[in-house]
Amino acid sequence: MANDVLGELRAGAEDFLLLIISSPSGAGKTTLCNRLRKEFGELAFSVSHTTRKPRPNEQDGREYHFVDVSEFRKLAADNAFAEWAEVHGNLYGTSLREIETARRNNATGILFDIDFQGARQIRAKVPEAVAVFVLPPSLEELERRLRGRATDDEPTVQKRLAKAQKEIENYALFDYLVVNDDLDRAYDRLRSVVLAESARRIRKAMLAESLLRHGRVSLP
Ligand code: ADP
Ligand code: 5GP
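Residues numbered from 1 in each chain as written. Chains lettered and ligands numbered in written order. Predicted model: local features only at pLDDT ≥ 70, side-chain atom pairs only at ≥ 80, totals over all residues. Heavy atoms only, no water.

Asker: So what exactly am I meant to see when it comes to the site of ligand 2 here?
Answerer: Around ligand 2 sit 17 residues, and of these Ser48, Arg52, Tyr64, Tyr92 and Asp113 come closest. The contact in question runs from an oxygen atom of ligand 2 to an N or O atom on the side chain of Tyr92, over 2.5 Å. At a separation of 3.2 Å, an oxygen atom of ligand 2 approaches a polar backbone atom of Gly93. Against a free-state accessible area of 520 Å², the protein chains account for coverage of 97% of ligand 2. When the residues that make up the shell around ligand 2 are grouped by side-chain class, the tally is five nonpolar, five polar and seven charged. (Near = heavy atom within 4 Å. Polar contact = N/O pair within 3.5 Å; in protein donor to acceptor, adjacent residues only side chain to side chain. Areas by Shrake-Rupley, 256 points an atom, 1.4 Å probe, with all protein chains shown as cover. Nonpolar A, V, L, I, M, F, W, Y, C, P; charged D, E, K, R; others polar.)

Written as structure tokens, this is what we have:
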């Protein structure tokens, strides 16, 4: 299955947007992704598998598919993942099924909230994927946000802060950098990226073709 889905994606990436959003933990990418999901309903959201325990406000199948380590390892061995990685001591992976389902449901693309290791793996398989990295305005503010979220215990916050430096060092993997200082301004920058990428000629060629053939642009 793996090769088919990714092969099709390579062939069809021009009209199906693969949008990766990454950031150091706490920089605000989930908050920004939630806004994108509200505004761009035609973009599917990839629900990852994880071995992390659910936070109090999280629901299985909505934020993540929560699985245990042996289930995760079995999926990985069965090539069920487009990418997977260990992040902060837990396993996270994007199943190929999420991408297949999005395409079957006629989504115009799919949004991945994944870390830089996942971004690197997806880009290696489908170079047309678009990758955005969200930066905090400062490391102090990152720490404030991680603590303010109040969903992680102190050792977890420390682990995530220690990892931030290494994550930021990988910024060159990404096409776009968005600083999340003021949330509304950051969201404006991010939605501009989505609008511009969606308007690319290669993703819109069918509109010009439709105008040529039928005398009008047929919008989906
Ligand atoms: P991530 O998904 O990158 O780990 P979250 O979206 O969970 O980060 O955000 C971490 C915390 O920071 C949350 O409590 C969120 O409400 C807050 N936050 C996000 N963006 C901003 C911002 N621009 N200004 C202040 N707080 C923010
Ligand atoms: P959290 O535990 O805070 O939800 O996520 C921790 C980190 O794991 C975040 O950087 C998030 O982007 C990343 N992550 C979530 N799902 C995946 C995935 O499927 N693959 C990879 N590589 N990283 C993921």
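Now that the structure has been shown, the text picks up again.
Asker: Explain helix α6 (residues 139-149) here, please?
Answerer: Residues lying three or four places apart along an α-helix face the same way, a consequence of the helix completing one turn every 3.6 residues. Along α6, the positions that sit buried rather than exposed are Glu141, Leu142 and Leu146. For α6, the angular spread of the buried residues around the axis is 140°, confining them to a single face. In α6, the exposed residues that point more than 90 degrees away from the buried face are Glu140, Arg144 and Gly148. A positive phi of about 55° marks Ala150, the residue just after α6. (Buried < 20%, exposed > 50% of the residue type's maximum accessible area, 1.4 Å probe, protein only. Helix = DSSP H or I, 4+ residues; strand = E, 2+ residues; numbered from the N terminus. Arc of directions from axis to C-beta.)

Asker: Sorry if this is basic, but what is going on with the packing of aromatic side chains here?
Answerer: Aromatic ring pairs: the centre-centre distance and the angle between the two ring planes describe each pair. Tallying each qualifying case throughout the model produces five aromatic pairs. Between the aromatic rings of Phe133 and Phe174, the centroid separation amounts to 4.7 Å while the plane-to-plane angle is 25°, which identifies the pairing as stacked. Within this pair, whereas Phe133 is found in strand β8 (residues 130-135), its partner Phe174 is found in the loop between α7 (154-169) and β9 (176-179), the two being separated by 41 residues in sequence. This pair shows no difference in class: Phe133 is buried, exactly as Phe174 is. Members of the aromatic cluster, each reached through a chain of ring pairs, are Tyr64, Phe66 and Tyr92. One cation-aromatic arrangement involves Arg103 over Phe16; the distance from NZ or CZ to the ring centre is 5.0 Å. (Phe/Tyr/Trp six-rings, centres within 6.5 Å; stacked < 30°, edge-to-face > 60°. Lys NZ or Arg CZ within 6 Å of the ring centre and 35° of its normal.)

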